[in-house]
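Fold and geometry: a report
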Amino acid sequence: MSRNSQVDQVYDIFESLGGVLDGKVEYWDALYDSQSQCIIAKDKVEEQISTPKLAGVILRAFKDGIWFSSSSYQVDKKTLVDMAKKLVKPAPKPGTKIKLQALKTEKTDQELPVKKDPTKIPLEDKLEDVRRVYKACGAVDKRIINVRVRHLDTRIERVFANSEGSLMRQVVIRTRLLVYPVAREGDKVRADFITWGKTKGYETYEERDIEELAKEPAKSAIELLGAKTPPSGEFTVVVDGYMAGTIAHESFGHGLEADQVIRDRSYLSSLVGEKVASKQATIIDSSVLPGGYGSYVFDDEGVLAKENVLVENGILKGFLHDRLTSSILGSEPTSSSRVESFLTRHNVRMSNTYFAPGDMTLEELLEPVKYGVMLIHASFGMEDPLGGGIQCTSSKGYMIENGVATTPLSEIALSGKVLDLLKNIDGVGKEFETGSGTCGKGSEDFIPVGDGGGHLRIKKAIISGG
Amino acid sequence: MRTDMDKYQRLFRKAKIAEYDIYRLKVTINEVQLRGFDVDIVREPVETLGFGMRVLSREGELVGIGLSSCSQESELETCIENAKLFSTLNKQKMKYEFTQSKRDSSVATVDKAIRDNPVETINDYTRSLLDYLKDEAQSGSSVKPTFGKIRTYLFETALENSAGLAKKKAETYFYLELALKVSDGVKLAEFWPRKYKRRISDLKVEELMPHWIKLAKDTLDAKMAPAGQMSVIMNPESLCDAIVPTVGFHAAGEQKLKNQTVFDKGKVVASEELSIMDDGLLDYALMSAPFDDEGNPQQQTSIINKGVFENFIYDQKHALMLNEKSTGNGIKTQPSANPVNKHTFAVVNNPTNISIKPGNLSFDQLVSEVKDGVLIEQFSWLYPDPFSSGFSTEIRNAYLIKNGEITQPLKGGMVAGKVFDLVKNISGISNSARIESGATAFSIVAPYIRFENVTVAGK
């Protein structure tokens, strides 16, 4: 463990906050957030190396049913004690009376293990890897006119303390590669991308041959130059693991964030214990998935990370909670309270959200489909917690004809109602994969998450092309 | 002239760095969030300070640019040494020099109420909003807020460089996000808008709420959109998400240099009705500023004039590499990243405010000429591919237009196509534009536009 003097100072300051806040508010907590990154980006014109750093503290107090919060980049005792004093001022107008449930005191000091600490890898070596990937991708075809490569390693260190005596520290390191080739033929310009990211160290790049990995989106971008516009309407579709993950996360998971339940804004509020999906569907959110891009030691309210089964064999099991929602709804916190940084508020969020793998091969999933569509390479999705609508988009696809993937298709969107879609799953693949990305709450507060699963075969899915 | 940034400049000289710039950003945020009619959280204040710097190394025609950033003054010396090191590692054949421009453009970007008294301003607004919504509820309406965010920002930027540039600017923003739910006992519906403005007075509760409440109520009776090729009228917010990431992307000098643009000077790229300008100088528009993030004065640049592509927009680097002049379009940008951390971002050749010239039709005329069509109020998430301009997005709140009349509310179904095909099929533009933000893109000044032969996938 390598605690630096800044963190020792944070421990000292946090231990002194009780003198200001204890007994004057119902509950308080403090979160020190330090984030340092190394970004190496390259394309045909330039290379960029940068090492952004952020650090600061969020201080929160709960009283009269309201959170009062203040954040500062100044991590010194005077600033934080002054902030704390301002938080004990009486609330101008009490809100709904809510009592936060007490949780047990936690003492943790843990760094998620990495084999190769990226901060110890020489910059020259990282730059060379980025150049190798760039070259491998660009060499696939003369029609690849540019390649963007972006390496990112992030070290997040957080220290948490609260009025219950918890004092916790974690260090989480993530490593991620993005390869984004652009193909051109005449006036037609098409691009595809691939990401490879883990909550791991630089060994992430040893788990796959990153030069071979980089060729995949280049071949795909070339194929997209000749791709057809997808048909629109109702089809049997087969989606890859990344699309499955986007469905699990965007279309379904956001509706299970219990802040939406206490806002009376989730279409899933009354469905716990009910069948919401085909019995072949099991959906999990786990912040302890080894290497998962959304994994951590504890959430930003000091609750130790855990696995939460959201749907088991088609039955809805429960919601994702923070301290407030679990208090109001009489549940246990699920380690789902996360902040983007010290500059944003705590929200109920997912971590690694995925369909549990099934037992079918891709060939077995495709075989009975006479005329359908395959969607691969999830590009984005958007939540609709109240309406239960779905919008998940893949950057590419194929027609399925007589059990075989045939004509390449350009961008495809899935639409309709999530529950209709989930109930129409009739096959789950066994090849499990999870992707790495960032997730916004609405259109802000971006945090690292993982999502994935096996291939899914879904009947009567509504699709349209872009 | 001595400035408060002099002490930082001395650190570069101490490190024997000849060419550099340093960008200091202080951001103050205040916010109230609502849960139903109750206050959920009060955040006051949220403060951050950050430094971003660029260092140049030269070796003949090779130039290296090192970027580094930090949030503490105590880390500045390390940060400068890092930038210096990075600039020696990535030298390439390119042109770059820091701007010497002393000129600034004049433009209004500050709401004094937000700058001087943010807490009271937010509290007054919150009270006014809640009073309005409570009155609505007491009148028997089932419309209620499920959550809301009322937030102010003050951005204070200082930029200096080794070429003698020393500039400062202040900018304010007001953010309102509100989810309005309506129920008839069986069905549920929602309107969930998000808006940024420079001034709080641009989002007056009594002007906004009647329309937003109507949209929520109407969505309760919504049906899925029909299927087929038809007229689609997009509102300014939707146009922001459609036009900025596509036209704005292909109009950048960077894409010209990289052969990634489909635009060329003199090429017909849109219907004759369409004229688009990059307008960095419109008072209180969201990306207006006296200078861009490299210190070049912002300006107005015609991009498309009567359907013909006229000019690329340039940041400093791409202007130099293409023997052009900067148009004030060097903007610190990073996708899916919080703009309060923009001191950490690289400068990107991006548009400021994409401004679409209004046409000559009233909104009513725009609608009255439609036989079969859809009026879009809100998409779920319109996020076109910047290269192909392809998109496919779900309809959240819309209306069916039949024989010139707005009729049935719509929710569900998709609108799909390529933005570059849409802009070649414009049949009408309304006669007034407004400053808006989108869900995925940040700033536009736009009227309503009617497109023909658009694919709608519904029932």
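Above: the structure in question.
As a convention, each chain's residues are numbered from 1 in the sequence order in which they are written. Throughout, the order in which chains and ligands are written sets their labels, letters from A for the former and numbers from 1 for the latter. Where totals are concerned, whole chains, interfaces and linings use all residues; where local detail is concerned, this predicted model gives features only for residues with pLDDT of at least 70, and gives and counts side-chain atom pairs only at 80 or more. The side-chain quantities take in all heavy atoms of the structure and omit both hydrogens and water.

1. Some details on the overall build of chain A
Helical segments are the DSSP runs of H or I of at least four residues, strand segments are the runs of E of at least two, and each set is numbered from the N terminus. Regarding its fold elements, chain A presents nine helices and 24 strands. Expected size for 466 residues packed as a compact globule is a radius of gyration near 23 Å; at 23 Å, chain A falls within 12% of this value. Relative accessibility thresholds used throughout: buried, under 20% of the residue-type maximum; exposed, over 50%; partly exposed, between the two (1.4 Å probe, protein chains only). The buried share of chain A, reckoned over its 466 residues, is 66%. Considering only intrachain contacts with a sequence separation of at least 6, the fraction spanning at least 24 residues in chain A is 74%. With the model as given, the accessible surface of chain A reaches about 16,000 Å², and the carbon-plus-sulfur share is 49%. One way to put it: in chain A the 61 positive side-chain charges average out to a point 2 Å from where the 67 negative ones average out. What the globule rule says is 2.2 Å times the number of residues to the power 0.38, and the radius of gyration is computed from C-alpha atoms. Contact definition: two residues touch when any of their heavy atoms are within 4.5 Å. Surface accessibility in these figures is a Shrake-Rupley result with a 1.4 Å probe; residues are shielded only by whichever protein chains are displayed. Counted charges follow a simple rule, with Lys and Arg positive, Asp and Glu negative, and His plus the chain ends left uncounted. A charge is said to be at NZ when it belongs to Lys, at CZ for Arg, at CG for Asp and at CD for Glu.

2. Comments concerning the sheet that holds strand β12 (residues 307-312) of chain A
All names here are of chain A. Here we have six strands laid out as an open sheet, ordered β13-β12-β11-β16-β23-β22, and mixed in their pairing. Strands at the two margins of the open sheet, each flanked by one partner only, are β13 (315-316) and β22 (433-441). What makes two strands pair is DSSP finding at least two bridges between them. Here three bridges tie strand β11 (residues 283-286) to strand β16 (residues 352-355), and the two strands are oriented antiparallel to one another. Within β16, the residue paired with Asp-285 across the bridge is Thr-353.

3. A few points about the layout of surface pockets
By rolling a water-sized probe across the atoms, one finds the places where empty space is left. Residues are said to line a cavity or pocket when one of their atoms sits within 4 Å of a point; the points come from a 1 Å grid over protein atoms alone, cavities being sets where a 1.4 Å probe fits but cannot get out and pockets being open sets with protein on both sides within 12 Å along at least five of seven lines. Grid points are joined across faces, edges and corners, and a volume is the space filled by probe spheres set on the points. Empty space within the second largest pocket amounts to approximately 790 Å³. Lining the second largest pocket are 38 residues; nearest its centre among them are Gly-387, Gly-388, Gly-389 and Lys-417 of chain A together with Lys-411 of chain B. Sorting the residues of the lining of the second largest pocket by element identifies α9 (418-423) and β24 (456-465) of chain A together with β7 (188-191) and β17 (390-402) of chain B as the ones contributing at least two each. When residues are grouped by polarity, Ala, Val, Leu, Ile, Met, Phe, Trp, Tyr, Cys and Pro land in nonpolar, Asp, Glu, Lys and Arg in charged, and all others, Gly among them, in polar. When the residues that make up the lining of the second largest pocket are grouped by side-chain class, the tally is 15 nonpolar, eleven polar and twelve charged.

4. What about the packing of helix α1 (residues 5-21) of chain A against helix α2 (residues 77-87) of chain A?
Residue and element names in this part refer to chain A. With their axes 10 Å apart at the nearest point, α1 and α2 run at an angle of 30° to one another. Considering the angle they form, α1 stands roughly parallel to α2. As α1 packs across α2, the resulting crossing turns out to be right-handed. Of the residues in α2, those touching α1 at Ile-13, Phe-14, Ser-16, Leu-17, Val-20 and Leu-21 are Lys-77, Leu-80, Val-81, Ala-84, Lys-85 and Leu-87. Residue composition of the contact of α1 with α2, by class: nine nonpolar, one polar and two charged. Here the axes come from fitting lines to C-alpha atoms, over the contacting stretch only for helices, and the angles between their N-to-C directions go from 0 to 180 degrees. Relative orientations are named as follows: roughly parallel for angles under 35 degrees, roughly antiparallel for angles over 145 degrees, roughly perpendicular for angles from 65 to 115 degrees, and oblique for any other angle. In a left-handed crossing the near helix is turned counterclockwise from the far helix by less than a right angle, and in a right-handed crossing that turn is clockwise.

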